[in-house]
Amino acid sequence: MRDRYAHFFLSWEWLSGWLTMIYEPWSVLAYSPAGSHDPVAFLPLKFTLDYGDDKRLECELCMAGNSMADYTGLLCLPGYEQEAIKAFAQYILEQLKWSVFSLGNVLQSDPRVALLLRLFPGCDYGLTQIQTRNVGEETNHDIIPYTILTDTWDDYLRDRTSSNTRQKIRRFLRKVDASDELRIAETDADNLDIHLEILLDFWKSRWGEEKGEDCSAIMDYTREIIIHCFQHDCLHFPVLWQGDRPLGAIANFVDNQRKIILFFITGRDRAVKTPPPGLVLHAYAIRYAIQHGFKVYDFLRGNEEYKYSFGAQERHLKHIRVKPNHPRPCSLDARVVAWAFKLAVEQQQANRLEAAKQGYRQILATQPDLPPVYNNLGYIYQQQGQWEKAMTCYSKALELLPDCTEAKINRDNARRRLAGYTTGSTDSTTDIGVPMNRQAQSAKGISNARSSSCASSSKNSQGAGSYSVSVTTSADGTSHAQQAIFTPGATSSRASASASSQPVQATATASAPVEETSSPEAT
């Protein structure tokens, strides 16, 4: 028996691509009944991290598919829902550390979401349903139009479309089918790159200005997931041409198991009115779906009017936010430590010292054995003139890593400054910091970093791999004290806390979910 609420965005074909693309740490909880090693339920999750209004780092637990997946949720074999969801809730409450748990893009029709939420005690947690529609926005992205397909193309046109739409579809498809100039080309390995650039160029011309600074990232993610789905035989990607001129393109996901085509992205030459590229490509894709035995054409999120001309009906999404009624401990989940370090360093470099200080404290409350964090926290105290606290932090860094040159020099500076206060000296040369003249280095763990940099790693509470803080020192040869802090590895912001594409399995007690998790390394 299959999970009736399963969907493409919970399939291995899709998740195996998406999870390797995102920078957020992710985990897949897998539940096996007592006495069995075979999982019967899965719940993909991920963490996001940012500073809140109170200058504390807030860790949000989300559904792993956000923000690319139009649906999220869990997988569970029928008959195991009660025990599996109870185990998932227990694990989330007892083993994961989060400030907010967001269940975004879950189907209203899935009763297991309500079952999960009932396990968060009302006296301890508040539940809020979030509205995602912006004020003044016409499109409601919580509505999913979809069309139930018929056995034949003629039956579909007769039963699902109006006479006007039916005439248009027939006329324009016949024109394309009979034309020597108009043609629809399927995507293969030889033309994939060309078709991708055509599609993305069309999309950018329509949405680039509106998406603003997010446009490049959206295009990068779109390119990667399309290539991944093509490689895993779950993509249908036709392009409409007039001679050598592309008129439009549409990329659809293909759920081969459940026999569903899912409309992902389209782009067209907006100067072309006849034939209308959007109408032609959707009609062509629906005809293709019927001819190949598919049962549903899913338009995915957004109730744009044109979708209903193809015979669409609706399903609905909801978004629930779970938040503790009382503040949770300030420690973070171990999976976000490297990311937290990066954010705290950014705050420190921007001279937002209180936020940086709070971030470092939260990291140390999670993993108290990270020399770079003690060093950087000590430098904040130094900047604030709290030399004794700075000395304590530098000493702790050296206790953990005796040959950490940066902490040694910072400690000596602090010691001389404290001695200067005692003797009445105010010689400014005691402020000299670390000469940052070594090559940038990235540490995957303390064992290979001791000789040259101040880094540390430790196992998380489930034994699911090591977490490390990468270190970069400046190669400019300067010796200003404000450079005497450790920064994450010199990588792009997208990769600085990237999730490993190779999940490792954590230990779990009987009847508890097993966790497959990524390791957030700053590589």
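That block above? That's the structure.
As a starting point, this report considers the structure included with it. Small disclaimer: the values here were computed from a predicted structure and weren't measured.

Brief notes about the pairing of strand 3 (residues 57–63)
Judged by how many residues are buried, strand 3 sits mostly within the fold: five of seven residues are covered. Turn length for the strand 2 (residues 41–51)-strand 3 hairpin, with the two strands adjacent in sequence and antiparallel, is five residues, and the turn residue lysine 55 shows positive phi of about 65 degrees. Where strand 3 and strand 5 (residues 100–107) come together, three bridges link them in parallel fashion. When the bridges of strand 5 are listed, leucine 61 appears paired with phenylalanine 101.

Quick word on the pattern of salt bridges
On inspection of all chains with the given rule, the structure shows 20 salt bridges. Among the salt bridges present, the one from glutamate 354 reaches lysine 357, with a minimum N-O distance of 3.4 Å. Within this pair, glutamate 354 and its partner lysine 357 are both found in helix 11 (residues 353–366), separated by three residues, close to a single helical turn. Residue lysine 357 is classed as buried on the basis of its relative accessible area, which comes to 6%. Lysine 396 is the partner of glutamate 399 in a salt bridge, and the nearest nitrogen-oxygen pair spans 3.4 Å.

Topic: the layout of surface pockets
There is about 800 Å³ of room inside the second largest pocket. Taken together, 35 residues make up the lining of the second largest pocket; nearest its centre are Leu10, Ser11, Trp12, Glu13 and Leu75. Of all the elements in the fold, those that place two or more residues in the lining of the second largest pocket are helix 1 (12–21), strand 1 (26–31), strand 2, strand 4 (75–76) and strand 11 (245–255). The dominant element in the lining of the second largest pocket, judged by the number of residues it contributes, is helix 1, at six residues.

Some thoughts on the nonpolar core
Counting 68 residues, the largest nonpolar core has Ile92, Phe101, Leu103 and Tyr360 as the members making the most contacts within it. Among all residues touching leucine 103, those that are not within four sequence positions of it are Met63, Val113, Leu116, Leu117, Lys318, His319, Ile320 and Val322.

Describing the packing of aromatic side chains
For the coordinates displayed, the defined rule picks out 19 aromatic pairs. Centroid distance phenylalanine 9 to tryptophan 14: 5.1 Å. Interplanar angle 85 degrees. Geometry classified as edge-to-face. Taking relative accessible area as the criterion, phenylalanine 9 reaches 2% and is therefore assigned buried. Classification of tryptophan 14 as buried rests on a relative accessible area of 0%. Seen from the ring of tryptophan 207, arginine 206 lies directly overhead, with NZ or CZ sitting 3.8 Å from the centre. Cation over ring: lysine 259 sits above phenylalanine 294, and NZ or CZ is 4.2 Å from the ring centre.

A few points about helix 10 (residues 337–349)
With 13 residues, helix 10 should reach 18 Å at 1.5 Å per residue; the first-to-last C-alpha distance of 18 Å fits that figure. Within helix 10, eleven of the 13 residues are buried, which leaves it mostly tucked inside the rest of the structure. Residues of helix 10 that are buried: Val337, Ala338, Trp339, Ala340, Phe341, Lys342, Leu343, Ala344, Val345, Gln347 and Gln348. Directly after helix 10, the chain includes asparagine 351, whose backbone phi takes a positive value near 65 degrees.

So, the pairing of strand 10 (residues 239–242)
Of the pairings in the sheet, the one linking strand 8 (residues 182–185) to strand 10 comprises four bridges and is antiparallel in character. Directly across from alanine 185, in strand 10, lies its bridge partner valine 239. Relative to strand 11, strand 10 is paired through four bridges, and the arrangement is antiparallel. Along strand 11, the bridge assignment pairs valine 239 with alanine 249.

Structural notes on the side chain of threonine 165
The topology assignment puts threonine 165 in helix 5 (residues 163–178). Looking at threonine 165, its side chain comes within polar contact range of the side chain of serine 162, at 3.1 Å.

Examining the packing of helix 1 against helix 7 (residues 215–231)
Helix 7 packs onto helix 1 with a crossing angle of 145 degrees between their chain directions and a minimal axis gap of 10 Å. Between helix 1 and helix 7 lies a crossing of right-handed hand. Judged by residue contacts, Glu13, Trp14, Ser16, Gly17, Trp18 and Met21 of helix 1 engage Tyr221, Glu224, Ile225, His228 and Cys229 from helix 7. A per-class count over the contact of helix 1 with helix 7 returns six nonpolar, three polar and two charged.

Quick notes on the rules
Residues numbered from 1 in each chain as written. Predicted model: local features only at pLDDT ≥ 70, side-chain atom pairs only at ≥ 80, totals over all residues. Heavy atoms only, no water. Buried < 20%, exposed > 50% of the residue type's maximum accessible area, 1.4 Å probe, protein only. Helix = DSSP H or I, 4+ residues; strand = E, 2+ residues; numbered from the N terminus. Pairing = 2+ DSSP bridges. Salt bridge = Lys/Arg side-chain N within 4 Å of Asp/Glu carboxyl O. 1 Å grid on protein atoms, 1.4 Å probe; cavity = no way out; pocket = protein on both sides within 12 Å on 5 of 7 lines; lining within 4 Å. Points joined across faces, edges and corners; volume = space filled by probe spheres on them. Core = buried A, V, L, I, M, F, W, Y, C linked by side-chain atoms within 4.5 Å. Contact = heavy atoms within 4.5 Å. Phe/Tyr/Trp six-rings, centres within 6.5 Å; stacked < 30°, edge-to-face > 60°. Lys NZ or Arg CZ within 6 Å of the ring centre and 35° of its normal. Expected span 1.5 Å × (residues − 1). Polar contact = N/O pair within 3.5 Å; in protein donor to acceptor, adjacent residues only side chain to side chain. Axes fitted to C-alpha atoms, helices over the stretch in contact; angles between N-to-C directions. Left-handed = near helix turned anticlockwise from the far one by under 90°. Nonpolar A, V, L, I, M, F, W, Y, C, P; charged D, E, K, R; others polar.

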